[in-house]
Amino acid sequence: MAPRKRRPTNVQADPELLLKMFTTVARARALEDALALHIRDHGFAGFWHPGKGQEGAVAGACAALRTDDYLFYQGRGATWPLAKGMGLQPIIGDLLGRVTGSTGGKGAGVPHWADPALGIMGEGATLGSVYPLAAGAALSAKMRGTDQVALADFGDGTSHRGTFHETLIQAASWKLPLIYFCENNGISVSTRFDDVSPTPNVADRASAYGIPGVVVDGQDAVEVHRVTAEAVERARAGEGPTLIEAKVTRVGGHWEGDAQQYRPADFLKDYQDPLEVLRTYLGDDRAETADKIVADAVAEVAEELHRAEAADLPDPQIITKDVFV
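Quantities reported herein were computed from a predicted structural model and do not represent experimental measurements.

For this particular structure, what's the right way to read the sheet that holds strand 7 (residues 242-247)?
Paired through backbone hydrogen bonds, the strands of a sheet run either parallel or antiparallel to each other. Strands sit in the order 1-2-3-7-6 across an open sheet of five strands; the sheet is parallel. Only two strands of the sheet have a single partner each, and these edge strands are strand 1 (70-72) and strand 6 (213-217). Across the sheet, the mean angle from the axis of one strand to that of its neighbour is 20 degrees, orientation sign disregarded. Inspection of the sheet shows strand 2 (residues 150-155) paired to strand 3 (residues 178-184) by six bridges, in the parallel sense. Of the residues in strand 3, the one forming a bridge with L151 is I179. Across the sheet, helix 6 (residues 162-174) is in contact with strand 2, strand 3 and strand 7; its angle to strand 3 comes to roughly 150 degrees.

What am I meant to see in the environment of E309 here?
With respect to the secondary-structure elements, E309 resides in helix 10 (residues 287-310). Classification of E309 by relative accessible area gives partly exposed; the value is 34%. Between the C-alpha atoms of E309 and E239, which are 70 residues apart in sequence, the distance is 47 Å.

Looking at this model, I keep getting lost on the nonpolar core. Mind explaining?
For soluble globular proteins, the rule of thumb is that nonpolar side chains tend to be buried together. Formed by 61 residues in total, the largest nonpolar core has its most connected members in L31, W80, I91, W113, F181 and L278. Tallying contributions element by element places helix 1 (residues 15-42) first for this core, with 12 residues. What L31 contacts, discounting residues up to four positions off in sequence, is A78, L88, I91, I92 and V301.

When you look at the side chain of H225 in this model, what are you seeing that I'm missing?
Looking at where H225 falls in the secondary structure, it is placed in helix 8 (residues 221-236). In this structure, H225 is in contact with L17, M21, G60, A63 and A64, ignoring residues within four places of it in sequence.

Explain helix 5 (residues 130-144) to me, please; I cannot follow it from the model alone.
Because an α-helix completes one turn every 3.6 residues, residues spaced three or four positions apart along the sequence face the same direction. When the terminal C-alpha atoms of helix 5 are compared, their 21 Å separation across 15 residues agrees well with the 21 Å that a helix rising 1.5 Å per residue should span. Where helix 5 is concerned, the buried positions are V130, Y131, A134, A135, A137, A138 and A141. On an axial view of helix 5, the arc spanned by its buried residues comes to 160 degrees, and they lie on one face. Buried residues along helix 5 sit in contact with strand 1, strand 2, helix 6 and strand 3. Backbone geometry just after helix 5 places G145 at a positive phi near 75 degrees.

What counts and how
- Residues numbered from 1 in each chain as written.
- Predicted model: local features only at pLDDT ≥ 70, side-chain atom pairs only at ≥ 80, totals over all residues.
- Heavy atoms only, no water.
- Pairing = 2+ DSSP bridges.
- Helix = DSSP H or I, 4+ residues; strand = E, 2+ residues; numbered from the N terminus.
- Axes fitted to C-alpha atoms, helices over the stretch in contact; angles between N-to-C directions.
- Contact = heavy atoms within 4.5 Å.
- Buried < 20%, exposed > 50% of the residue type's maximum accessible area, 1.4 Å probe, protein only.
- Core = buried A, V, L, I, M, F, W, Y, C linked by side-chain atoms within 4.5 Å.
- Expected span 1.5 Å × (residues − 1).
- Arc of directions from axis to C-beta.

Here is the structure:
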């Protein structure tokens, strides 16, 4: 394990917020670890793109959102729906293609979790569709006169899509309440970001659209929450989009089982486990509380995974449910 990150002395994080984010990361990590074992031992109906190591960025971002704010995710792992309020059973149920899933099991393997009541709007069928979908929700909020914001999550590889630019130029012109949130783990499938980007940061592109571009340590949920909360406040005030780039580490491969032959042996040398970073913020006086949260998360995930395995598979007719035409 990498050494724990020192807690910045100038940061006074809200104790309740710290525990909330720590719990989110602990539950997400327990789910990541359980899924890795499940896939190894039982197989899996599709590809699973693990998000281990990136949970802190997601927990920090979602902690800055309200329930009625819109989330359009395209990141890896299962932290996004979990951090936005979805229960473990709807998440695992979709992963295993069971009726207990948020979509009733339609999104098995590579899931498309959705729950509009929680602001979880699902995922587009193609990488890059997240931008216009999130912008559409932001435009809706602006036209209806609410102060809701929409967050579009994406990876560094997806930042090269044309829809990134096409959507952002319009969103910036119209000052839509939109947050672009990039999880930059430095590698798109097996291609290094540095080899295909003319700028060292995705956030550097923000200046072309007259909006703020912020780079943050994605391993530090407290810092991610801070910059996201500022972007949310700005969006609610009618000041338009913000581009946030969280520098994260993809601990595993692009998919579970990826041999990762494209990575050097020391690629984790600078990795800081976001769970341990948050534990450092909590301090020694809450070490027992943190340990209990982790243990409870492991037990809860095991129970919900067993429940999902025992659940029914969906009727094939579900494929036409929720189809408009």
